[in-house]
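One letter stands for each residue in the lines below.
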Amino acid sequence: MMNTKRIAVCPGSFDPVTLGHLDIITRASKLFDHVVVLVSKNIMKAEASFTTQERKEMIQRVTKDLPNVSIDILNGLLADYVKEVQAIAIVKGLRAVSDFEYEFQMALANKKLYAGAETVFLTTTAENMYLSSSVVKQIANFGGDISHFVPSCILKDIEKRLVKENGHVN
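Enquirer: Tell me about the pairing of strand β4 (residues 89-94), residues and numbers included.
Expert: For β4, a buried count of 5 out of 6 residues is recorded, marking the element as mostly surrounded by other parts of the structure. Taken together, the 2 bridges between strand β1 (residues 7-12) and β4 define a ladder with parallel strand orientation. Within β4, the residue paired with V9 across the bridge is I90. Two strands pair when backbone bridges link them, and β4 and strand β5 (residues 119-123) are joined in this way by 5 bridges, in the parallel orientation. Bridging across to β5, L94 finds its partner in T123. Once the chain exits β4 it traverses helix α4 (residues 97-113) before rejoining the sheet at β5, and the crossover so formed is right-handed.

This is the structure in structure tokens:
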């Protein structure tokens, strides 16, 4: 039987989840019947600051008011997961042209691996154009205020992990 629910998968490393991520997830939840936020390891990035389970739990907390959003962990190919859950789309957020080049390549690769893997790009809002997990980590590492960049319900967890032993405390 064919799935009639319009399911989207929103993959990312979310290390940590930011207000920019939450904006994309929230907007996707209005476009699709169900959105699976998929926590994955990005082999192109340095070791993660948070385990995949910790990232999953943080995203669960920040999306608790979005009833059609669930969180899962990816341990394989995105295209295989999309096929398995019968999703109709992969949702990716774009901040700038530089994001598009990489994400376009990934979209083509996913489409080649699974013809049903359509990628939908949502552009970020102007206030989140510069925001990334890397920016949050760098600011936190030096004791800067990250409260404008991450959901308040996980702020202390992020600060506890990322504010290094260099004497900086918020």
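Enquirer: Please give an account of the sheet that holds β1 that cites residues and values.
Expert: Sheet strands pair by backbone hydrogen bonding; their relative direction is either parallel or antiparallel. Ordered by their spatial adjacency, 5 strands build an open sheet running β3-β2-β1-β4-β5, and the pairing between neighbours is parallel. Across the chains shown, the open sheet's two edge strands, defined by having one partner strand only, are β3 (69-73) and β5. Taken pair by pair, the neighbouring strands of this sheet meet at an average axis angle of 30°, ignoring direction. Packed onto the sheet, helix α1 (residues 19-31) meets β1, β2 (34-39), β3, β4 and β5 and runs at close to 125° relative to β5. Sitting on the sheet, helix α2 (residues 52-62) touches β2 and β3, and the angle it makes with β3 is about 175°.

Enquirer: I'd like to hear about unusual backbone geometry, residue by residue, with values.
Expert: In the segment running from D15 into P16, the intervening peptide bond is cis, with an omega of 5°. By secondary structure assignment, the location of P16 is in the loop between β1 and α1. One non-glycine residue with positive phi stands out, namely F14, at about 50°. Counting through the fold element by element, F14 comes out in the loop between β1 and α1. At Q86, a residue that is not glycine, the phi angle is positive and equals roughly 60°. Relative to the assigned elements, Q86 resides in the loop between α3 (78-84) and β4. Its relative accessible area of 40% is what places Q86 among the partly exposed residues.

Rules of the game
Residues numbered from 1 in each chain as written. Predicted model: local features only at pLDDT ≥ 70, side-chain atom pairs only at ≥ 80, totals over all residues. Heavy atoms only, no water. Buried < 20%, exposed > 50% of the residue type's maximum accessible area, 1.4 Å probe, protein only. Helix = DSSP H or I, 4+ residues; strand = E, 2+ residues; numbered from the N terminus. Pairing = 2+ DSSP bridges. Right-handed = clockwise from strand over helix to strand, strands pointing away. Axes fitted to C-alpha atoms, helices over the stretch in contact; angles between N-to-C directions. Contact = heavy atoms within 4.5 Å.

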